[in-house]
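One letter stands for each residue in the lines below.
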Amino acid sequence: MPVNRIVEDLKGLGIRSPDFVMAHVSMRKVGGRAEDLVEALLTVLHPDGTLLSYVDFEESDDIPFIDPSHSPACRDYGIFPEIVRRHPNSIRSLNPGASVCAIGKQAKWLCADHPNEYGYGINSPFHKLVEKDGKVLLLGSDWDQVTLLHYAEHLADIPGKRVVRPTYDLLIDGVKSRLTVEEFDTGDPVRSDMPPDYFRQIVSDFIATGTVIEGIVGGAESWLLPAADLVAIAVEKIEREFGDTR
């Protein structure tokens, strides 16, 4: 897939500099090389925009600890996050479980001071994306994989949120340490009575409002969602359906 063709497709969705864009990608549906897609996104966002990808960490026997400088992105999210991570201008946030990578003018600010605890919440890159009127770009991606909705779960005032306290082995600047943190459970919906595809329902409801830009990028049906509006609708839905009505 030629880079200039992808550039035109992305512009057709309304992406411009200085946008903040968090991308979720199915390269199988887009077609071509992830490297070319990253190049196209950065071309459209240049000079003042910022590209963001949720990367998490892939643990392995070769690297039995989290090393932000070398640990690859989680394979569960496809090849795109790893290509963003490998980019020479990529900056990675240091939260052990909610790590993101960013490229662009505001990448350093976006990834700085990512809280270790409740890393999808206040002062996280997800919070900053919303505060900067950023956008979520879905390129053939599963609607149930929109990481920003964990921020909505964090904000929603409902009882019974599940809290977990994972322990991580870290290697940062050559120093090994062990860290236990507290956060809302993001492995499953934050409440046990939420359906497993609840994020998909939220995105479906939002797209149905008709305020989302839809188009084709490469071979993928794609959507561009305003992050703040998505979070607002998500919080309202979560609180309405799972709030304490006693």
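One can find the structure itself at the top, above this paragraph.
Source: prediction; values computed, not measured.

Our focus in this paragraph is the environment of Leu41. Relative to the elements of secondary structure, Leu41 occurs in helix H3 (residues 34–45). Judged by relative accessible area, Leu41 falls into the buried class, the value being 0%. On a C-alpha basis, the gap between Leu41 and Arg28 in space is 17 Å, while along the polypeptide they are 13 residues apart. Not counting chain neighbours up to four residues away, the residues in contact with Leu41 comprise Leu10, Ile15, Leu51, Phe80 and Leu137.

Time to look at the nonpolar core. Counting 42 residues, the largest nonpolar core has Phe126, Leu148, Leu149, Leu225 and Leu230 as the members making the most contacts within it. A total of 7 residues in this core trace back to one element, the largest contributor, which is helix H9 (residues 227–242). Among residues more than four places away in sequence, those in contact with Leu148 are Phe126, Leu129, Val130, Val136, Ala227, Leu230 and Val231. By size, the runner-up hydrophobic cluster in this structure holds 30 residues, among which are Ala23, Leu41, Val44 and Ile83.

This next bit is on helix H8 (residues 198–207). Tyr198, Phe199, Ile202, Val203, Phe206 and Ile207 are the residues of H8 that are buried. Against strand E5 (135–139), helix H7 (149–155), strand E10 (213–217), strand E11 (220–226) and H9 lie the buried residues of H8.

Counting buried residues in E5 gives 4 out of 5 residues, a clear majority hidden from the surface. With 5 bridges joining them, strand E1 (residues 20–25) and E5 adopt parallel strand pairing. Within E5, the position partnered with Val25 by the bridge is Leu139. In this sheet, E11 lies alongside E5 in antiparallel orientation, the contact comprising 5 bridges. By the bridge assignment for E11, Leu138 is matched with Trp223.

Moving on, we get to H9. When the terminal C-alpha atoms of H9 are compared, their 22 Å separation across 16 residues agrees well with the 22 Å that a helix rising 1.5 Å per residue should span. The set of residues buried in H9 consists of Ala227, Leu230, Val231, Ala234, Val235, Lys237, Ile238 and Phe242. In an axial view of H9, the angular spread of the buried residues amounts to 165°, which keeps them on one side of the axis. Packing partners of the buried residues in H9 comprise helix H6 (125–131), E5, H7, H8 and E11.

What follows concerns the sheet that holds strand E3 (residues 91–92). Spatially, the 7 strands line up as an open sheet ordered E3-E4-E2-E1-E5-E11-E10, and their pairing is mixed. Since the sheet does not close on itself, it has two edges, and those belong to E3 and E10, each with one partner. Sheet topology note: the E10/E11 ladder contains 5 bridges and is antiparallel. Looking across to E11, one finds that Ile216 is bridged to Glu221. On top of the sheet, H3 reaches E1, strand E2 (50–54), strand E4 (100–104) and E5; it is set at about 140° to E2, its chief contact. Packing of H9 onto the sheet brings it into contact with E5 and E11, and relative to E11 it is tilted by some 80°.

Our focus in this paragraph is the pattern of salt bridges. Per the stated rule, a full pass over the model turns up 17 salt bridges. Measuring nitrogen to oxygen at the nearest pair gives 2.8 Å for the salt bridge that ties Glu236 to Arg240. In this pair, Glu236 and Arg240 both sit in helix H9, 4 residues apart, roughly one turn of the helix. Judged by its relative accessible area of 41%, Glu236 falls in the partly exposed class. Salt bridges sharing common partners tie together Asp205, Glu236, Lys237, Arg240 and Glu241.

Procedures and definitions
- Residues numbered from 1 in each chain as written.
- Predicted model: local features only at pLDDT ≥ 70, side-chain atom pairs only at ≥ 80, totals over all residues.
- Heavy atoms only, no water.
- Helix = DSSP H or I, 4+ residues; strand = E, 2+ residues; numbered from the N terminus.
- Buried < 20%, exposed > 50% of the residue type's maximum accessible area, 1.4 Å probe, protein only.
- Contact = heavy atoms within 4.5 Å.
- Core = buried A, V, L, I, M, F, W, Y, C linked by side-chain atoms within 4.5 Å.
- Pairing = 2+ DSSP bridges.
- Expected span 1.5 Å × (residues − 1).
- Arc of directions from axis to C-beta.
- Axes fitted to C-alpha atoms, helices over the stretch in contact; angles between N-to-C directions.
- Salt bridge = Lys/Arg side-chain N within 4 Å of Asp/Glu carboxyl O.

By themselves, these are just geometric observations and shouldn't be taken as functional.
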